[in-house]
Amino acid sequence: MKDKKVIYEILNSIIPVFLAFVIGGFIIVALGENPFTTYWILIKKSLLTAKGFANTLHYAAPMILTGLAIAITFKANIFNMGVEGSFVLGGFCAGVFASSFTNFDPITAKIVCLTLGVVFGMLFSLIPALLKAYFKVDEMVVTLMLNYALVKILEFLATGPFRDLSSGYVSTPTVSKASMFLRFGNTRLTMFFFLTLIAFTIVYIIMKKSKLGYEITAIGANCSFSEACGMRVKRKIIILMLISGALAGFGGAGYMLSDQFNYTLSFSGTPGMGWDGMLISLLGGHSPIGVFVAAIFYSVLKTGSDNINLYTSVPKEIVAVIQSLIILLLAIKFINDRTSFFSKKSRTLKLKGAK
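Definitions and limits used
- Residues numbered from 1 in each chain as written.
- Predicted model: local features only at pLDDT ≥ 70, side-chain atom pairs only at ≥ 80, totals over all residues.
- Heavy atoms only, no water.
- Helix = DSSP H or I, 4+ residues; strand = E, 2+ residues; numbered from the N terminus.
- Rg over C-alpha atoms; globule rule 2.2 N^0.38 Å.
- Buried < 20%, exposed > 50% of the residue type's maximum accessible area, 1.4 Å probe, protein only.
- Patch = residues over 30% accessible without salt bridge, like charges linked within 9 Å, V, L, I, M, F, W, Y side chains within 5 Å.
- Areas by Shrake-Rupley, 256 points an atom, 1.4 Å probe, with all protein chains shown as cover.
- Salt bridge = Lys/Arg side-chain N within 4 Å of Asp/Glu carboxyl O.
- Phe/Tyr/Trp six-rings, centres within 6.5 Å; stacked < 30°, edge-to-face > 60°.
- Lys NZ or Arg CZ within 6 Å of the ring centre and 35° of its normal.
- Contact = heavy atoms within 4.5 Å.
- Axes fitted to C-alpha atoms, helices over the stretch in contact; angles between N-to-C directions.
- Parallel < 35°, antiparallel > 145°, perpendicular 65-115°, else oblique.
- Left-handed = near helix turned anticlockwise from the far one by under 90°.
- Nonpolar A, V, L, I, M, F, W, Y, C, P; charged D, E, K, R; others polar.

Draft legend 1. Just the overall build of the chain, in detail. Looking only at helices and strands, one finds 14 helices and zero strands in the chain. If you list the helices and strands of the chain from N to C, you get α-α-α-α-α-α-α-α-α-α-α-α-α-α. For 355 residues, the compact-globule estimate of 2.2 N^0.38 gives 20 Å, and the chain sits close to it at 22 Å. Seen through its C-alpha atoms, the chain measures out along the principal axes to roughly 85 × 60 × 30 Å.

Okay, structure coming up:
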């Protein structure tokens, strides 16, 4: 039964992706291009060349972390929408402090900046965690509102006290060289990706091999029953929200030190790394392995979109269309116990046996 459920989850993730690419293919045909050629360029330039593959891994790193940050709370039916806020705040604080670490050695500077990102990411998630645990305030509403409030606060700080006056646009000062993650060769890949793998391994062990992982599943299945059985649900809610904030803050700090190097008003992109993490978590079924694979896939789309624009007349916005279709189609459960061919067959056999 468990194996069947896993198969259903995998299929319910694969089918929306397949259908999104099919619909995207029709759009490409309408533009007068060959969809197979377009998709081949997308895959080839992002996965089948050394530079493209390295760049794909680089862009996947922050999305793996935001995906895990979403997954660890959503698995427990805690809808933390503040991952974007923790990511941005972690990146901003790491960037501001990193710009002044000129006399630090590279290892110490990086450790301090990443730690600051984690701490501020946790602090941002602590407020909704306490409100959820002790006052039963809807965490979705609180975290959404805090995201928008934080954007305005950081906009004020970036345009005022922490603005780099030598820059021609709104940004904080560039981080010190000691704080930067150096790139490998002519790629964008840095050591931060491998730190992300360590974080991924820790989260995998927590969710799959630890007592807390079983408690996450139990709270997600039935919170009231878990509390009646003696589980300290309030404490677990706070712990999960703090872990989620720590992962997002770590991702924001690492993204700052390995890619952006200063905070701008478009630091997290559009729609934002936190929101990308939500799609990745949904696509991966809120499991660590699923999140990892989904983040790589999503990074392939982002890395390959520029190459589509270079080698064909198809605009790179086709990738945004495909991503939107995936979001839409993920809302549909194409296969479950009632629609599955195998489940129908088994029910038919049971009825015949009963007769």
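Draft legend 2. Summary view of the environment of cysteine 223. With respect to the element layout, cysteine 223 can be found in helix H9 (residues 223-228). With a relative accessible area of 33%, cysteine 223 lands in the partly exposed category. Through-space distance from the C-alpha of cysteine 223 to that of glycine 304 is 42 Å; in sequence the pair is 81 residues apart.

Draft legend 3. Broad picture of unusual backbone geometry. Although it is not a glycine, asparagine 77 adopts a positive phi angle of roughly 60°. Along the chain, asparagine 77 falls in the loop between helix H3 (50-74) and helix H4 (83-98). With a phi close to 70°, phenylalanine 261 is a non-glycine residue in the positive phi region. Locating phenylalanine 261 in the fold gives a position in the loop between helix H10 (233-260) and helix H11 (273-283).

Draft legend 4. Here's a closer look at a nonpolar patch on the surface. Judged by side-chain polarity, Trp40, Ile43, Leu47, Leu48 and Phe53 come together as a nonpolar surface patch covering roughly 470 Å² of accessible area. With three residues, the single largest contributor to the nonpolar patch is helix H2 (residues 35-47). Relative to the elements of secondary structure, leucine 47 occurs in helix H2. The exposure class of leucine 47 is partly exposed, given its relative accessible area of 31%.

Draft legend 5. Focus on the packing of aromatic side chains. Tallied over the full model, the rule gives 16 aromatic pairs. Pairing phenylalanine 92 with phenylalanine 162 gives two aromatic rings, centres 5.9 Å apart and planes at 85°, and the pair type is edge-to-face. Taken as a pair, phenylalanine 92 in helix H4 and phenylalanine 162 in the loop between helix H6 (139-159) and helix H7 (192-209) lie far apart in primary sequence, 70 residues in all. Here phenylalanine 92 falls in the buried class, since its relative accessible area comes to 4%. Overall, the relative accessible area of 33% leaves phenylalanine 162 in the partly exposed class. An aromatic cluster is built from Phe87, Phe92, Phe162, Tyr255, Tyr263 and Phe267, whose rings are joined through pairwise contacts. In this structure, lysine 110 is placed above the aromatic ring of phenylalanine 181, and the distance from its NZ or CZ to the ring centre is 5.7 Å.

Draft legend 6. Summary view of the environment of proline 288. Looking at the secondary structure, you find proline 288 in helix H12 (residues 288-311). On the basis of relative accessibility, which here comes to 0%, the residue proline 288 falls in the buried class. Distance in space between the C-alpha atoms of proline 288 and threonine 201 is 8.7 Å, their sequence separation being 87 residues. In this structure, proline 288 is in contact with Leu68, Phe200, Tyr204, Met207 and Lys208, ignoring residues within four places of it in sequence.

Draft legend 7. A look at the packing of H3 against H12. Packing of H3 against H12 brings their axes to within 7 Å, and their N-to-C directions diverge by 135°. As far as their axial angle goes, H12 and H3 are oblique. Crossing of H3 against H12: the hand is right-handed. Of the residues in H12, those in contact with Gly52, Asn55, Thr56, Leu57, Tyr59, Ala60, Met63, Ile64, Gly67, Leu68 and Ala71 of H3 are Pro288, Val291, Phe292, Ala295, Ile296, Tyr298, Ser299, Val300, Lys302 and Thr303. For the contact of H3 with H12, the per-class residue count stands at 14 nonpolar, six polar and one charged.

Draft legend 8. Up close: the pattern of salt bridges. Counted according to the given criterion, the structure contains six salt bridges. A salt bridge links glutamate 139 to lysine 132; its shortest N-O distance comes to 3.2 Å. On the accessibility criterion, lysine 132 (23% relative accessible area) is partly exposed. Close ionic contact of glutamate 155 with lysine 152 constitutes a salt bridge, the shortest N to O distance being 3.8 Å.

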